[in-house]
Amino acid sequence: MESNRRNFLKIGGVCALGLGSLPIVKALAQEKGPAFSSDPRRLVAKRWAMVVDMKKCWEMGKPGCKDCVLACHTVHNVPDIKDEQEEIKWIWPEQFNHAFTGQENEFIPAEMKEKPFLMLCNHCANPPCVRVCPTKATFKSPDGITMMDFHRCIGCRYCMAGCPYGARSFNWQDPRPHIQTELNMSFPTRERGVVEKCNFCTERLEVGLLPACVEACKVGGLIFGDVEDPNSNVRKVLAERFTMRRKPELGTQPNVYYIV
Ligand code: SF4
Ligand code: SF4
């Protein structure tokens with residue numbers, strides 16, 4: 001697979017999907033996706049979803065807490081690149097007007113406009129990023145996670161253009177020298193020219209662990225569960241509390257909900 005990807009880059013260039021390279025793209029797209037493990041410890045769901053309780057985060061969390069970000073970026077070897085144009089983000093804070101574009105109005109409490117909201121991939125049930133990827137490097141898993149196969153990614157960035165949430169980052173440079181945390185040898189590092197994003201910690205679910213951000217949040221501000229199961233923790237919270245999703249009008253059907 002790696003040689004296919006390199007051949008493609010040589011022939012087609014990183015951004016230009018020329019006609020001459022179409023057979024290679026088709027060959028990549030037709031290859032079977034990675035198999036899922038049948039580890040008995042795997043946490044199972046019909047459709048994983050997350051509720052982000054921003055009230056708990058703001059009211060009970062310590063000021064400037066970034067435990068969830070640190071946990072996520074540590075287990076996934078996410079590089080720490082300061083340049084905003086090149087930074088890699090799996091989970092990050094954003095202000096209201098960026099987080100909920102189009103849902104703001106002049107009467108929203110001023111303090112809410114200034115508070116940070118946690119952003120991550122929405123693992124949309126109807127994801128435009130998956131539709132536009134020419135090599136199936138991004139795809140839906142049976143449990144609703146929008147996955148990335150880094151080896152299939154040819155760096156065309158169509159998925160980044162397709163995602164209306166800015167949930168994807170592109171490695172403009174080799175990320176490995178910028179990993180500041182202890183290297184997690186059990187999770188792959190990426191290379192220049194590859195897109196990456198939150199994966200709902202599928203590799204942890206596989207061995208019976210909750211997502212790293214959920215585990216790291218000391219105030220219980222991140223709730224993770226099966227949104228198709230009426231008895232799940234996520235469904236109970238959704239039934240009891242008013243929640244918002246980002247840009248629901250686009251029809252992407254995000255699986256990340258916010259209590260604000
Ligand atoms: S948030 Fe963006 S990257 Fe994530 S599934 Fe939706 S469209 Fe794809
Ligand atoms: S679910 Fe996992 S990959 Fe996604 S933001 Fe949380 S820790 Fe990161």
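What counts, and at which threshold
The numbers attached to residues start from 1 for each chain and follow its sequence in the written order. Whichever chain is written first becomes A and whichever ligand is written first becomes 1, with later ones labelled in order. Confidence filtering applies because this is a predicted model: local features only for residues at pLDDT of at least 70, side-chain atom pairs given and counted only at 80 or more, and all residues used for totals across whole chains, interfaces and linings. As a rule here, side-chain values come from all non-hydrogen atoms in the structure, and water together with hydrogens is ignored. Nearness is judged by heavy atoms alone; a residue qualifies as near a molecule or strand once a single heavy atom is within 4 Å of it. Note on residue categories: nonpolar means Ala, Val, Leu, Ile, Met, Phe, Trp, Tyr, Cys or Pro, charged means Asp, Glu, Lys or Arg, and polar means any other residue, Gly included. Secondary structure counts use DSSP, requiring at least four H or I residues in a row for a helix and at least two E residues in a row for a strand, with both numbered from the N terminus. Note on exposure labels: buried denotes an accessible area under 20% of the residue type's maximum, exposed denotes more than 50%, and partly exposed covers the range between, all computed with a 1.4 Å probe on protein chains only. Each Phe, Tyr or Trp ring, with Trp reduced to its six-membered ring, pairs with another whose centre is within 6.5 Å; inter-plane angles below 30 degrees give stacked pairs, above 60 give edge-to-face pairs, and intermediate values give tilted ones. Paired strands, in this sense, are two strands between which DSSP finds at least two bridges. Note on geometry: axes are lines fitted to C-alpha atoms, helical ones only across the stretch in contact, with angles between N-to-C directions running from 0 to 180 degrees.

As named in an unreviewed UniProt entry, the chain is 4Fe-4S ferredoxin, iron-sulfur binding domain protein, taken from Syntrophobacter fumaroxidans.

The full set close to ligand 1 counts 14 residues, and Cys-121, Cys-124, Cys-129, Cys-163 and Arg-168 are the nearest of them. Its residues assigned to classes, the shell around ligand 1 comprises nine nonpolar, three polar and two charged.

Backbone geometry places His-123, a non-glycine residue, at a positive phi of 45°. Here His-123 is to be found in the loop between β3 (116-120) and α7 (128-132). For His-123, a relative accessible area of 0% puts it in the buried group. The phi angle at Gln-253 is positive, at roughly 55°, despite the residue not being glycine. Assignment of secondary structure puts Gln-253 in the loop between α11 (233-240) and β9 (256-259). By relative accessible area, which is 41% here, Gln-253 ends up partly exposed.

What follows deals with the packing of aromatic side chains. Evaluated as defined, the whole model comprises nine aromatic pairs. Aromatic pair Trp-90 and Phe-187: ring centres 6.0 Å apart, planes at 75°, arrangement edge-to-face. Taken together, the positions of Trp-90 in the loop between α4 (67-75) and β2 (91-95) and Phe-187 in the loop between β6 (169-170) and β7 (195-196) put the pair 97 residues apart, joining distant regions of the chain. The buried category is assigned to Trp-90, whose relative accessible area is 1%. Ring centres of Phe-100 and Tyr-258 lie 5.3 Å apart, and the angle between their planes is 90°; on these two criteria the pair is classed as edge-to-face. Residue Phe-100 is found in the loop between α5 (96-99) and α6 (110-114), and its partner Tyr-258 is found in strand β9; the two are separated by 158 residues along the sequence. The burial state of Phe-100 is the same as that of Tyr-258; both residues are buried.

As summarised here, the arrangement of the three strands in space is β8-β1-β9, forming an open sheet in which the pairing is mixed. Across the chains shown, the open sheet's two edge strands, defined by having one partner strand only, are β8 (222-226) and β9. Pairwise comparison of adjacent strand axes, ignoring direction, gives a mean angle of 20° for this sheet. Pairing of strand β1 (residues 48-53) with β9, which is carried by four bridges, proceeds in the parallel orientation. Bridging across to β9, Val-52 finds its partner in Tyr-258.

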